[in-house]
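Commentary on secondary and tertiary structure
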Amino acid sequence: MSIHFELGGEQKAKSSQILVRYEPVEDPPSVPPDRNRVLDGLLAQGWKDAALDDVALKAFVNRCQTEKGVIAAAIGEVQDGVCEVSVAEDSMSAWLTIVPPAGGKPVTPEEVRDAIRARRIVHGVQMDTLRAALVAGSCDRKVIARGEPPTSGQPTRFTSVLEAPVTPGDDDESTSVDYRSMGVLVLVGVGTPLMRRKPARQGLPGKDVLGMPVPASPVMDLPFASSLVGVAPDPADPDLLVATVAGSPSFLDKGVNVTQVVDVAEVGLTSGNIDFDGTLNVKGDIRAGMTVHVGGDIVVTGTIEAAEVVAGGNVSVKGGIIGKSGGADTAVIRCEGSVVARFIESARIDAGGCVRAERGIRQAEVNAGDSVLVESGGISGGKTCALQRIQAAVLGQPSGLPTVLQAGFHPGVQAAHQEAEQARKHKLDELGKLLQVLIFMEQHRDKSTPEMLEKIQRSIGQMKGELAEIGFRLADLEQRMTLSGGATVVAGKRFHVGVEIRIGHRRLVIDEDRIGGKAWLKGSQVEID
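Quick summary incoming for the structure in this document. (Residues numbered from 1 in each chain as written. Predicted model: local features only at pLDDT ≥ 70, side-chain atom pairs only at ≥ 80, totals over all residues. Heavy atoms only, no water.)

Another point: the sheet that holds strand 33 (residues 383–386). If you trace the 10 strands from one edge of the open sheet to the other, you get 17-19-21-24-27-30-33-35-37-38, paired in mixed fashion. With partners counted over all chains shown, the strands left at the sheet margins are strand 17 (274–276) and strand 38 (506–509), one partner each. Averaged over all neighbouring strand pairs, the angle between strand axes comes to 5 degrees, with direction disregarded. Across 4 bridges, the pairing between strand 27 (residues 347–351) and strand 30 (residues 365–368) is parallel. When the bridges of strand 30 are listed, Asp350 appears paired with Asn367. (Pairing = 2+ DSSP bridges. Helix = DSSP H or I, 4+ residues; strand = E, 2+ residues; numbered from the N terminus. Axes fitted to C-alpha atoms, helices over the stretch in contact; angles between N-to-C directions.)

Here's what the structure looks like:
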């Protein structure tokens with residue numbers, strides 16, 4: 001045989017060079033090899049799938065055809081199969097890559113096991129996936145091990161235990177609602193159970209592929225809000241709030257206030273401005289230019305004109321809320337609870353709960369911490385924002401009046417978070433100064449008295465308590481800053497041109513009138529079904 005093959009030359013891990021040598025024979029004269037003869041020789045050696053260097057092979061064949069004497073060259077490599085195991089940065093998964101052999105030996109189960117062992121992977125190995133990869137002979141970053149993620153804890157929950165009539169329409173977008181029946185003042189007596197606190201439950205730790213524990217994110221166990229009025233924990237059940245006075249309850253996120261009720265004929269020049277920590281029942285109107293600040297609910301039988309009304313609870317208006325366009329003549333309503341009115345026009349509404357109008361909202365700026373719902377009319381002009389849902393029969397006007405409708409984010413939460421952060425920074429600065437004074441006093445006791453030391457320590461304790469309260473508020477605000485799932489904008493009959501729908505950071509501009517439907521965030525686009 002005039003062609004000889006061997007492995008040698010430059011040796012690498014898992015691969016060897018293929019050396020070929022042609023020795024011409026004179027008697028009988030040998031025929032110089034061509035490409036096919038070289039390939040047949042490789043096949044005879046068992047190197048059919050070797051990694052050949054086509055340029056080197058072609059050059060070797062040409063030299064054999066044109067030169068005399070012994071011709072030798074390296075024409076490729078025999079490569080064994082290679083496996084590599086990688087672990088994710090968080091150690092919660094591992095991948096396997098198998099490169100098939102090129103004329104060499106395939107990857108064996110022992111090599112894969114050794115690679116897994118070298119990476120110290122001891123948990124979550126998927127044996128069926130490993131076997132399938134070995135049978136296939138090749139794979140690219142196939143997941144072969146998964147850790148167990150920690151389970152999420154349950155945050156503190158505050159739920160009302162006061163029986164209340166079910167309001168139709170909250171869950172059924174097609175149900176007709178009589179909002180005029182929703183202005184009834186609710187009263188409770190001493191000892192009435194109002195709200196139950198269910199303590200937070202911490203999550204369970206997980207385990208990564210290295211067998212190390214993965215701690216669950218801690219869940220803050222929130223207490224009832226501080227400075228609540230007219231309520232106290234039940235002595236026999238500290239997680240139950242009960243009324244300590246007779247009055248009207250106003251439900252907050254983490255507590256309830258119960259305030260006494262005051263009746264007035266109307267709020268005008270005769271009554272003057274009203275400011276007290278209770279619930280106000282107005283049998284007539286709240287006149288333009290007046291201000292009303294109360295800690296509880298406000299119930300108005302008549303209308304609210306261009307006045308400033310601030311309530312710690314709900315605002316219920318049997319008539320309407322009507323200001324004048326622009327300037328100081330705009331009605332301003334702010335409350336921690338919900339706003340219910342027959343209609344709203346030329347007003348600014350900021351409500352912690354729902355805003356409900358029977359006949360429509362026009363040229364108003366409305367912000368609701370829950371939903372904005374209109375029974376039989378529409379929403380036109382201005383800007384309406386809600387965390388959950390905006391719903392009316394008609395959205396916009398045929399004239400194309402610009403109307404902005406935004407759902408998905410809690411109005412005002414980001415500003416409140418920034419304000420709380422600034423308050424926290426200010427308190428930390430003050431605490432630092434107090435601690436410096438305390439250190440100085442302890443180091444120079446001749447310049448201080450026990451009374452002074454006691455006073456500064458009391459101030460430090462009070463400051464730490466205030467910082468803890470701010471921390472609870474920041475944690476609550478951060479939970480409310482995420483995009484609300486299921487946020488929608490619903491038109492029962494029609495969307496008019498000029499309406500701009502925003503859900504989260506995405507928007508849809510209505511450029512021609514269309515029939516009603518539900519706008520929601522589908523993927524990264526706002527769509528109407």
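Here strand 40 (residues 525–528) shows one buried face, formed by Val526 and Ile528, and one open face, formed by Gln525 and Glu527. The hairpin turn running from strand 39 (residues 514–522) into strand 40, its antiparallel successor, is 2 residues long, and Gly523 in that turn takes a positive phi close to 70 degrees. (Buried < 20%, exposed > 50% of the residue type's maximum accessible area, 1.4 Å probe, protein only.)

Relative to the elements of secondary structure, Leu477 occurs in helix 6 (residues 450–480). On the basis of relative accessible area, Leu477 is assigned to the buried category, the value being 2%. Residues Leu477 and His410, spaced 67 residues apart in sequence, show a C-alpha to C-alpha distance of 9.6 Å. In contact with Leu477, not counting residues within four places along its chain, are Val413, Ala416, His417 and Ala420. (Contact = heavy atoms within 4.5 Å.)

Attention shifts here to the packing of aromatic side chains. Using the criterion set out here, one finds 1 aromatic pair in the structure. Above the ring of Trp95, the side-chain terminus of Arg141 is found at 4.1 Å from the ring centroid. (Phe/Tyr/Trp six-rings, centres within 6.5 Å; stacked < 30°, edge-to-face > 60°. Lys NZ or Arg CZ within 6 Å of the ring centre and 35° of its normal.)

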